[in-house]
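# Residue-level structural notes
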Amino acid sequence: AGHFIDRVICPIYDIVAKNMKSNADHVDRRNYDDFNEFFWSRNCLRFHYSSDVGNLGDLENIPRYNGRLPEEVPLSIVEGLESAPKTFLEKRSWFRGILALHRIIVWHLVTFYLLSVIAFAKELVWGWVYTLQVASGVFWIFNFLFLAVAILEVWAVYPNTHMSGAAISGSIFSLSARFLVLVYQTMYLMWTFGPSTGDSKVYLGIEGDSNFWWWQYVWISLLCMVPWFIEASLMFFPSLTTKLFICNNEYVQSFLHILVPISRLYVGKEVHESFMHTAVYIFYWVTLMAWKLY
């Protein structure tokens with residue numbers, strides 16, 4: 001245990017402590033996040049965990065055991081950390097707080113909208129059809145907020161953080177697709193409350209009444225929500241999420257890189273809770289939110 005602490009733990013601690021005690025600004029000083037991101041890539045496997053690779057008894061005979069030349073003995077993790085560049089460049093802004101808490105913000109906005117619709121429907125005696133059409137505006141809110149969060153994520157990493165071509169292409173595709181869907185959602189929802197039911201009007205060369213345009217809005221909204229429904233469903237079965245993330249199918253990984261950017265990370269893909277723990281956790285929050293909304 002003492003040897004492991006002296007040769008593995010202490011050298012890494014010394015590097016982290018040295019950088020944390022630096023008086024340089026955050027853009028020039030490596031912190032915990034930089035050292036953490038060092039292990040997000042497979043490149044970290046090129047280094048050995050000990051600080052004295054050449055002196056360890058189990059490594060002295062590496063060339064004889066596996067045919068490696070002495071100069072091919074892996075470098076130590078200490079050398080890797082010392083030469084690692086700064087990768088985490090956080091922008092200091094209130095937008096960082098919004099980005100960190102965006103799920104809570106989305107939840108509050110969505111529930112506030114739906115509860116407002118229920119309250120107005122009861123007070124103004126709306127019919128169930130009209131109430132359903134107004135409530136469906138929650139799809140527009142979802143897409144708008146997801147687009148806003150995606151823009152904030154791009155703002156957080158650009159231009160200081162290095163991104164691969166696949167990551168950049170995936171972000172551009174995701175932003176463009178969501179914006180295009182948002183434009184059509186806006187037009188269809190606006191036309192839903194245009195002509196009265198039974199009174200047709202021509203838009204984009206297509207004639208239809210409010211019900212026709214509302215169904216166009218519903219179909220395109222459900223299409224946009226498919227990734228969210230899949231992600232929400234997988235949360236009930238964490239083991240399936242792990243299997244999906246470690247799947248070697250190129251098509252599956254391509255879609256994940258576009259729709260789930262965090263899947264590009266090397267770490268955190270096989271860390272999940274059991275189904276029973278997840279069920280208890282979900283039951284607690286569902287009952288709590290149900291009573292609060294009630």
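About the cut-offs
- Residues numbered from 1 in each chain as written.
- Predicted model: local features only at pLDDT ≥ 70, side-chain atom pairs only at ≥ 80, totals over all residues.
- Heavy atoms only, no water.
- Salt bridge = Lys/Arg side-chain N within 4 Å of Asp/Glu carboxyl O.
- Helix = DSSP H or I, 4+ residues; strand = E, 2+ residues; numbered from the N terminus.
- Core = buried A, V, L, I, M, F, W, Y, C linked by side-chain atoms within 4.5 Å.
- Buried < 20%, exposed > 50% of the residue type's maximum accessible area, 1.4 Å probe, protein only.
- Contact = heavy atoms within 4.5 Å.
- Phe/Tyr/Trp six-rings, centres within 6.5 Å; stacked < 30°, edge-to-face > 60°.

## Topic: the pattern of salt bridges
Scanning all chains against the criterion turns up one salt bridge. The closest approach of N and O atoms between K86 and D34, which form a salt bridge, is 2.7 Å. In this pair, K86 sits in the loop between α4 (77-83) and α5 (94-100) while D34 sits in helix α2 (residues 32-38), placing the two residues 52 residues apart along the sequence.

## A look at the nonpolar core
It is characteristic of soluble globular proteins that their nonpolar side chains tend to be buried jointly. If you look at the biggest cluster of nonpolar residues, it comprises 20 residues, and the most contacted ones within it are V110, F142, Y188 and Y217. Those elements that provide at least two residues to this core are α6 (102-124), α8 (137-157), α9 (165-192) and α10 (210-234). Per-element tally for this core: the top contributor is α10, with seven residues. Not counting chain neighbours up to four residues away, the residues in contact with F142 comprise V106, V110, M225 and W228. If you look at the next biggest cluster of nonpolar residues, it comprises nine residues, including I15, F35, V78 and L81.

## Digging into the environment of I258
Structurally, the position occupied by I258 is in helix α12 (residues 250-259). In sequence terms I258 and S174 are 84 residues apart; their C-alpha atoms lie 6.8 Å from each other. Other than its neighbours up to four places away in sequence, I258 contacts G170, F173 and S174.

## With respect to the packing of aromatic side chains
Under the counting rule described, the total for this entry stands at 20 aromatic pairs. Between F120 and W126, the ring centres sit 6.4 Å apart and the planes meet at 15°, which makes this aromatic pair stacked. What makes F120 partly exposed here is its relative accessible area of 48%. Arranged with centres 5.5 Å apart and planes meeting at 45°, the rings of F142 and W228 form a pair that is tilted. A residue pair is termed long-range when its members are at least 10 positions apart, and F142 in helix α8 and W228 in helix α10 qualify at 86 residues. Among the residues examined, W228 registers a relative accessible area of 32% and is labelled partly exposed. Here a set of aromatic residues connected by ring pairs shows up, and it is made of Y184, Y188, W191, F212 and W213.

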